[in-house]
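# Observations on the three-dimensional arrangement
If you want the building blocks of each chain, they are given just below.
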Amino acid sequence: MSSSTDGDASQAFDETGDPIATDDDADPRNEPTGPREGASGREVVVPFRLYKAVTVFSTLAAVVTYFVGFTLIDAATLQISFVRTTIVYLLDSAGILPPEDVLVAVLAITGVGFIVLGTAVYVLGTRFRGQGMGKSQDDPSET
């Protein structure tokens with residue numbers, strides 16, 4: 001009885017057990033990793049596992065910073081906000097309560113800063129592409 005591995009001594013397998021056609025240059029799994037300049041801008045080709053981690057955590061970080069940013073903007077505009085009341089209480093306890101106008105400006109600017117930070121994290125996270133993923137539809141070399 002022959003084994004399924006007979007004659008496969010030179011066959012390479014990926015981490016899921018699928019065979020990798022190392023002699024086929026057109027196989028997307030043989031795509032080299034690293035930075036690329038594409039039609040839609042710069043992108044970085046990374047192993048698929050790293051791509052999934054980058055996508056998950058950059059999206060999570062963006063959502064959290066958006067939430068914090070909008071909460072701070074809400075605290076800047078509402079006098080009865082729970083977050084604003086907590087911030088005013090903590091600042092008053094520390095003895096550094098600023099005037100009302102300064103507090104509103106600081107909360108609003110900090111909120112917008114968090115939203116911009118979340119946008120930057122998300123945009124940078126979208127620059128990654130997993131090894132073996134298709135090319136951009138805008139890519140003129142795609143046939």
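Just so we're clear, the structure is a prediction, and the values are computed from it rather than from any experiment. (Residues numbered from 1 in each chain as written. Predicted model: local features only at pLDDT ≥ 70, side-chain atom pairs only at ≥ 80, totals over all residues. Heavy atoms only, no water.)

## Brief notes about the overall build of the chain
Broken down by element type, the chain carries three helices and five strands. Written out in order from the N terminus, the α and β elements of the chain read β-β-β-β-α-α-α-β. Classification of the 143 residues of the chain by burial places 20% in the buried group. A separation of at least 24 residues holds for 57% of the contacts in the chain among residues at least 6 apart in sequence. Roughly 10200 Å² of accessible area belongs to the chain as shown, and the carbon and sulfur atoms make up 64% of that amount. (Helix = DSSP H or I, 4+ residues; strand = E, 2+ residues; numbered from the N terminus. Buried < 20%, exposed > 50% of the residue type's maximum accessible area, 1.4 Å probe, protein only. Contact = heavy atoms within 4.5 Å. Areas by Shrake-Rupley, 256 points an atom, 1.4 Å probe, with all protein chains shown as cover.)

## Regarding helix H3 (residues 100–125)
With 26 residues, H3 should reach 38 Å at 1.5 Å per residue; the first-to-last C-alpha distance of 38 Å fits that figure. When H3 is considered as a whole, its buried residues turn out to be Leu103, Leu107, Gly111, Ile115, Gly118 and Gly125. Those residues of H3 that are buried are in contact with helix H1 (48–77), helix H2 (82–94) and strand S5 (128–130). (Expected span 1.5 Å × (residues − 1).)

## Describing the pattern of salt bridges
Tallied over the full model, the rule gives two salt bridges. The closest approach of N and O atoms between glutamate 100 and arginine 84, which form a salt bridge, is 1.9 Å. Within this pair, whereas glutamate 100 is found in helix H3, its partner arginine 84 is found in helix H2, the two being separated by 16 residues in sequence. (Salt bridge = Lys/Arg side-chain N within 4 Å of Asp/Glu carboxyl O.)

## Some points on the packing of H1 against H2
At a closest axis distance of 8 Å, the pairing of H1 and H2 adopts a crossing angle of 75°. Relative to H2, the element H1 lies roughly perpendicular. For the pair H1 and H2, the contacting residues are Thr71, Leu72, Ala75 and Ala76 in the first and Val83, Arg84 and Ile87 in the second. Broken down by class, the residue content of the contact of H1 with H2 amounts to five nonpolar, one polar and one charged. (Axes fitted to C-alpha atoms, helices over the stretch in contact; angles between N-to-C directions. Parallel < 35°, antiparallel > 145°, perpendicular 65-115°, else oblique. Nonpolar A, V, L, I, M, F, W, Y, C, P; charged D, E, K, R; others polar.)

## Remarks on H1
Between its terminal C-alpha atoms H1 stretches 43 Å, which fits the 44 Å expected from 30 residues at 1.5 Å a residue. Where H1 is concerned, the buried positions are Tyr51, Val54, Ser58, Ala62, Thr65, Gly69, Leu72, Ala75 and Ala76.

## Description of a nonpolar patch on the surface
Where nonpolar side chains cluster on the molecular surface, the patch consists of Val56, Phe57, Leu60 and Val64 and spans about 400 Å² of accessible area. Position of valine 64 relative to the elements: it lies in helix H1. (Patch = residues over 30% accessible without salt bridge, like charges linked within 9 Å, V, L, I, M, F, W, Y side chains within 5 Å.)

## A few points about the side chain of arginine 84
Using a relative accessible area of 3% as the deciding quantity, one classes arginine 84 as buried. The residues touching arginine 84, leaving out its near neighbours within four places in the chain, are Ala75, Ala76, Leu78, Gln79, Glu100, Leu103 and Val104.

## As for the UniProt feature "transmembrane region" (unreviewed entry) in the chain
UniProt marks residues 56–82 and 102–125 with the feature "transmembrane region" (unreviewed entry), using the numbering shown here. The distance from the first to the last C-alpha atom of residues 56–82 is 30 Å, and the span holds 85% helix and 0% strand. (UniProt positions renumbered as here; feature names shortened; annotations may be inferred.)

## A word on the nonpolar core
Membership of the largest hydrophobic core is limited to five residues, which are Leu72, Ala75, Ala76, Leu103 and Leu107. Taken together, the elements giving at least two residues each to this core come down to H1 and H3. Top contributing element to this core by residue count: H1, with three residues. (Core = buried A, V, L, I, M, F, W, Y, C linked by side-chain atoms within 4.5 Å.)

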